[in-house]
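# A structural walkthrough
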Amino acid sequence: MKELFLVVHSLCTGFYTTLKHIFRGPATELYPEYKRPLPARSRARIILTVDPDGRERCVACYLCSAACPVDCISMQAAENPEGRRYAAWFRINFGRCIYCGLCEEACPTAAIQLTPSFEHADRDILKMVAEKEDLQVDHCGKDPNYNFYHHAGVADAIRPKGGHVNESPPVNVRTNMP
Amino acid sequence: MGLWLTGYAILMIKIAVILTGVLLLAAYLVLLERKLLGRFQARIGPNRTGIFGLLQPVSDGIKLLTKEDVIPQGAHRRIFLFAPAVVAATALLTFAVVPMGPDLHLGGRKIPMVVTDMNVGLLYVFAMASLSVYGVVLGGWASDSKYAMLGSIRGAAQMISYELALGLSIVPVVMLAGSLSLVDIVDAQAGRPFILVQPLAFVIFFLSAMAESKRIPFDLPEAEAELGSGYHTEYSGMRFGMFFLGEYVQMQVLGALTAVFFLGGWRGPLLPAPLWLLVKIVLVVTAMIWIRATLPRFRYDQLMGLGWKFLIPAALINIVITGFVMVGI
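Cut-offs and rules
- Residues numbered from 1 in each chain as written.
- Chains lettered and ligands numbered in written order.
- Predicted model: local features only at pLDDT ≥ 70, side-chain atom pairs only at ≥ 80, totals over all residues.
- Heavy atoms only, no water.
- Helix = DSSP H or I, 4+ residues; strand = E, 2+ residues; numbered from the N terminus.
- Rg over C-alpha atoms; globule rule 2.2 N^0.38 Å.
- Buried < 20%, exposed > 50% of the residue type's maximum accessible area, 1.4 Å probe, protein only.
- Contact = heavy atoms within 4.5 Å.
- Expected span 1.5 Å × (residues − 1).
- Buried area = accessible area lost by both parts, 1.4 Å probe.
- Salt bridge = Lys/Arg side-chain N within 4 Å of Asp/Glu carboxyl O.
- Polar contact = N/O pair within 3.5 Å; in protein donor to acceptor, adjacent residues only side chain to side chain.
- Nonpolar A, V, L, I, M, F, W, Y, C, P; charged D, E, K, R; others polar.
- Pairing = 2+ DSSP bridges.
- Disulfide = S-S within 2.5 Å.

### Section: the overall build of chain A
A tally of helices and strands in chain A yields 5 helices and 5 strands. Each helix and strand of chain A, ordered N terminal to C terminal, gives the series α-β-α-β-β-α-β-β-α-α. A globule of 178 residues ought to have a C-alpha radius of gyration of about 16 Å, yet chain A, at 27 Å, is considerably larger. Taken over the C-alpha atoms alone, chain A extends approximately 100 × 55 × 25 Å along its principal axes. Each of the 178 residues in chain A was classed as buried or not, and the buried ones make up 28%. Taking as baseline every contact in chain A between residues at least 6 positions apart, the subset at least 24 positions apart corresponds to 69%.

So this is what it looks like as structure tokens:
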């Protein structure tokens with residue numbers, strides 16, 4: 001008898017629960033009509049950002065390419081007359097990219113960054129290959145103040161040895177002698 | 001000769017109207033089910049083809065028709081091709097005896113609103129239900145696939161078991177109506193629908209009819225979680241569509257039979273008779289969709305236990321009680 005009560009009770013609970021959901025209304029968001037604002041740090045389309053003074057951040061160090069678990073990043077390093085490295089060509093195969101963000105973590109210059117823009121599917125897989133022109137943007141992305149060359153210990157015309165951020169002036173080792 | 005021709009023409013018109021209606025309704029029941037199921041799960045359901053997804057059945061049809069019709073290499077070709085037709089045809093044929101309304105009088109001619117008023121209509125209905133087992137069994141067997149085979153074995157066992165309960169649950173209705181003809185059964189409910197006098201029979205009939213039409217929670221023959229999709233695993237294209245169509249026509253058959261046996265058939269106030277039947281069919285189908293949205297699938301031994309140990313004894317007791325009450329009165 002108790003068992004029968006249990007059966008009836010659980011049936012009623014089940015049917016009541018499903019009925020409630022009819023009046024709750026759908027939780028669906030209609031995608032192309034309504035685009036949910038994505039979190040700023042969600043990972044999709046990759047960009048190459050620039051310094052606060054508008055110069056390419058990428059120094060073609062190959063770290064992103066090495067970190068990439070699916071090997072979708074390739075580039076060719078080059079050097080300009082003032083000794084600054086840059087990528088002669090830079091290619092990301094979005095057909096392979098898994099948007100893991102490891103390249104962004106590996107990048108010492110904050111050049112390569114992932115953005116929330118995800119709507120770049122295509123029927124032709126060759127169109128998914130992005131060249132440097134497609135990736136390069138003219139803003140700083142997530143880090144508006146960072147400039148690699150202000151931190152790097154490489155002396156140049158503007159910043160001599162010891163002139164970088166958080167860098168002590170050079171010490172004459174001979175004066176340290178007892 | 002002229003009289004014979006007119007009769008023949010009227011018959012053909014009736015068949016055409018019923019076939020069109022049933023097939024159209026089957027197409028839109030798919031949409032209704034998907035929409036309702038969506039709502040039950042806090043989704044929207046199909047809404048891209050036409051307003052509210054009203055063209056969904058059309059696009060589904062086009063898709064099924066243009067898909068490749070694959071026949072497995074080891075399949076028994078002829079039976080494989082034949083099986084889906086059995087399921088769809090038996091379901092459609094059942095509608096031949098369902099009365100759609102009171103007799104129509106047109107130009108001094110009495111036109112019954114039923115394709116054929118058989119005096120053994122009930123037996124005919126059960127014969128068709130039994131034949132539809134062949135579609136399932138042959139389809140599964142001819143596929144030469146383990147999953148399909150398992151599905152059809154389950155289907156055969158389940159449908160044959162529940163046919164007993166189905167038949168026995170209707171006996172009290174036949175006793176009350178005093179006839180096996182579906183038209184007479186509806187006429188006997190002029191005062192009150194039989195659901196009020198025979199609630200137990202209604203529950204047994206409804207449960208075993210759901211098992212008969214292989215709906216969740218009785219969808220053991222399909223059991224997509226265990227068997228791929230059971231007896232129609234190997235079917236594709238429009239042949240799969242035929243199984244699908246058969247299933248949805250069977251839902252309507254179930255709705256129509258529930259209406260005829262327990263809800264007073266086409267009888268009802270205000271609305272015209274065929275519309276009342278339609279309303280009742282849609283009501284029953286909605287209840288089935290609700291059940292589908294709520295209950296999980298039975299385990300196989302539970303399914304057999306429910307059929308043999310509960311429904312059949314209950315139906316037998318119900319017959320005895322009905323008999324005593326009738327003799328007592």
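### A closer look at helix α1 (residues 2–40) of chain B
Helix length check: α1 of chain B, at 39 residues, gives a terminal C-alpha distance of 55 Å against a target of 57 Å (1.5 Å per residue), a fit within 8%. In the segment just after α1 of chain B, Ala42 of chain B is the residue with positive phi, at about 55°.

### A closer look at the interface of chain A and chain B
Contact residues are listed per partner, giving 16 residues for chain A and 13 residues for chain B. Summed over both partners, the interface of chain A with chain B buries about 1,200 Å², with 70% contributed by carbon and sulfur atoms. Broken down residue by residue, the surface that chain A buries against chain B is led by Phe15, Ile22 and Pro26 of chain A, which jointly contribute 41%. Linking chain A to chain B there are 1 salt bridge. The closest approach of N and O atoms between Glu33 of chain A and Arg48 of chain B, which form a salt bridge, is 2.8 Å. Summed over the shared surface of chain A and chain B, the result is 6 residue pairs in polar contact (both at pLDDT 80 or more). Its residues assigned to classes, the side of chain A that touches chain B shows 9 nonpolar, 5 polar and 2 charged.

### Quick word on the sheet that holds strand β3 (residues 85–93) of chain A
Residues and elements named next belong to chain A. One open sheet holds the 3 strands; their spatial order is β2-β3-β5, and the pairing between them is antiparallel. Each of the sheet's edge strands pairs with one partner strand only, and the pair in question is β2 (73–79) and β5 (129–130). Here β2 pairs with β3 via 7 bridges, running antiparallel. The residue bridging Met75 from the neighbouring strand is Phe90, located in β3.

### Describing the state of the cysteines
All names here are of chain A. Evaluation of the coordinates by the stated rule reveals 0 disulfides over all chains. This cysteine, Cys68, is not joined by any disulfide, and Cys72 carries the nearest cysteine sulfur, 3.6 Å off. Left unpaired, Cys103 is separated from the closest cysteine sulfur, that of Cys100, by 6.2 Å.

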